[in-house]
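Spelled out, the chains give:
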Amino acid sequence: MKNVITLLVLVFMISTSAIGQEVSKKQWTLMHERTADWCPFCGSWGWDFKTNLLNEFQNDNVLFMAVHHSGGLQNSTSTAVGNNFTGAGQPIFYADGTNLNLSNSNGAQTLEDAKLIVDFNQSLLPFAGVGINAGLSESTDTLYVDTKVEFLSEVEDGDYYLGLYLLEDVTHMQASRSSNELHKNVLRSSLLEGAFGKQIV
């Protein structure tokens, strides 16, 4: 697995929202799902768990990405991110890169485990903060992003990257559901060159 710490995932849902560039000093949890539109389990118990995650953490410092490693919503960024994590098959849910080991029979317990991770992370002080200012220019139909990274403490040796990603809500087919389902927070592309963003240390 690539030794990458993604400092920020830009959640931009093709709306014209903007966030001030003040550096956040809160610890966030990155959750993502390895999924595919042709996967029947992703459209049944995996879909239910994703919905529960999004509802549970909508007011917490949690970022969620649906990473389609295969199928009609796959792209070069989702392929690279999906291949960066261990595990075969789908759906697989991760919290900060750790497999939550969801199955068709342990959804309630896995959600409790996810809550423990988020609660623990929120008690930590981050080693870095990111400020972002993003929006969509209506006159040119262009996405603009300005960002600032500030290290809040010393970091261990290693490679540190700033990742900025476009996530989108997409209406698309899903096995076990229908041909017209709303897929939330689908990873569409990296806004920086390369799937893992720009190396900053």
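Everything that follows concerns the structure shown earlier in this document.
Quick notes on the rules
Residues numbered from 1 in each chain as written. Predicted model: local features only at pLDDT ≥ 70, side-chain atom pairs only at ≥ 80, totals over all residues. Heavy atoms only, no water. Helix = DSSP H or I, 4+ residues; strand = E, 2+ residues; numbered from the N terminus. Buried < 20%, exposed > 50% of the residue type's maximum accessible area, 1.4 Å probe, protein only. Contact = heavy atoms within 4.5 Å. Areas by Shrake-Rupley, 256 points an atom, 1.4 Å probe, with all protein chains shown as cover. Patch = residues over 30% accessible without salt bridge, like charges linked within 9 Å, V, L, I, M, F, W, Y side chains within 5 Å. Salt bridge = Lys/Arg side-chain N within 4 Å of Asp/Glu carboxyl O. Pairing = 2+ DSSP bridges. Right-handed = clockwise from strand over helix to strand, strands pointing away. Core = buried A, V, L, I, M, F, W, Y, C linked by side-chain atoms within 4.5 Å. Axes fitted to C-alpha atoms, helices over the stretch in contact; angles between N-to-C directions. Left-handed = near helix turned anticlockwise from the far one by under 90°. Nonpolar A, V, L, I, M, F, W, Y, C, P; charged D, E, K, R; others polar.

Trainee: Hey, could you run me through the overall build of the chain in this one?
Mentor: Of the regular secondary structure elements, the chain holds 3 helices and 10 strands. Starting at the N terminus, the α and β elements of the chain follow one another as β-α-β-α-β-β-α-β-β-β-β-β-β. Expressed as a percentage of the 201 residues in the chain, the buried residues total 42%. The contacts in the chain between residues at least 6 apart in sequence include a share of 74% that link residues at least 24 apart. With an accessible surface of roughly 10,400 Å², the chain has 48% of that area assigned to carbon and sulfur atoms.

Trainee: I keep staring at a nonpolar patch on the surface and nothing clicks. Help me out?
Mentor: On the surface, Phe151, Ile200 and Val201 cluster together into a nonpolar patch covering about 210 Å² of accessible area. Mapped onto the secondary structure, Val201 falls in the segment after β10 (198–199).

Trainee: Sorry if this is basic, but what is going on with the pairing of strand β2 (residues 62–70) here?
Mentor: Working note: regular strand, side chains alternate between the two faces of the sheet. A large share of β2 lies buried, amounting to 9 of its 9 residues. Pairing of strand β1 (residues 29–36) with β2 involves 8 bridges; the strand directions are parallel. Residue pairing for β2: Met31 is matched across the bridge by Phe64. Crossover β1 to β2 through helix α1 (residues 45–56) is right-handed.

Trainee: Got a minute to help me understand the pattern of salt bridges in this structure?
Mentor: A pair can form between side chains of opposite charge whenever their charged atoms are brought close. Inspection of every chain in the model, using the stated rule, returns 4 salt bridges. Salt-bridge contacts for Glu112 lead to Lys115; the nearest nitrogen and oxygen are separated by 3.0 Å. Of this pair, Glu112 and Lys115 are both found in helix α3 (residues 107–122), 3 residues apart, which corresponds to roughly one turn of the helix. For Arg177, the salt bridge identified is with Glu181, shortest N-O distance 3.4 Å.

Trainee: Sorry if this is basic, but what is going on with the nonpolar core here?
Mentor: In a soluble, globular protein the nonpolar side chains are often hidden away together inside. Residues Met31, Phe49, Leu53, Phe57, Phe64, Phe93 and Ala114 are the most contacted members of the largest nonpolar core, which totals 14 residues. Breaking this core down by element, the ones donating at least two residues are α1, β2, β3 (92–95) and α3. Discounting chain neighbours no more than four positions away, the residues touching Met31 are Leu53, Phe57, Val62, Leu63, Phe64, Met65, Tyr94, Ala95, Ala114 and Val118. Within the second largest apolar cluster, 11 residues are counted, among which are Tyr94, Leu167, Leu187 and Phe196.

Trainee: Would you mind going over the packing of α1 against α3 with me for this structure?
Mentor: How two helices sit against one another is set out by the angle between their axes and by the gap between those axes. As a packed pair, α1 and α3 sit with axes 11 Å apart at the nearest point and diverge in direction by 35 degrees. For the crossing formed where α1 meets α3, the hand is right-handed. Every residue of α3 that contacts α1 at Phe49, Asn52, Leu53 and Glu56 is listed here: Gly107, Thr110, Leu111, Ala114 and Lys115. Within the contact of α1 with α3, the residues separate by chemical class into 4 nonpolar, 3 polar and 2 charged.

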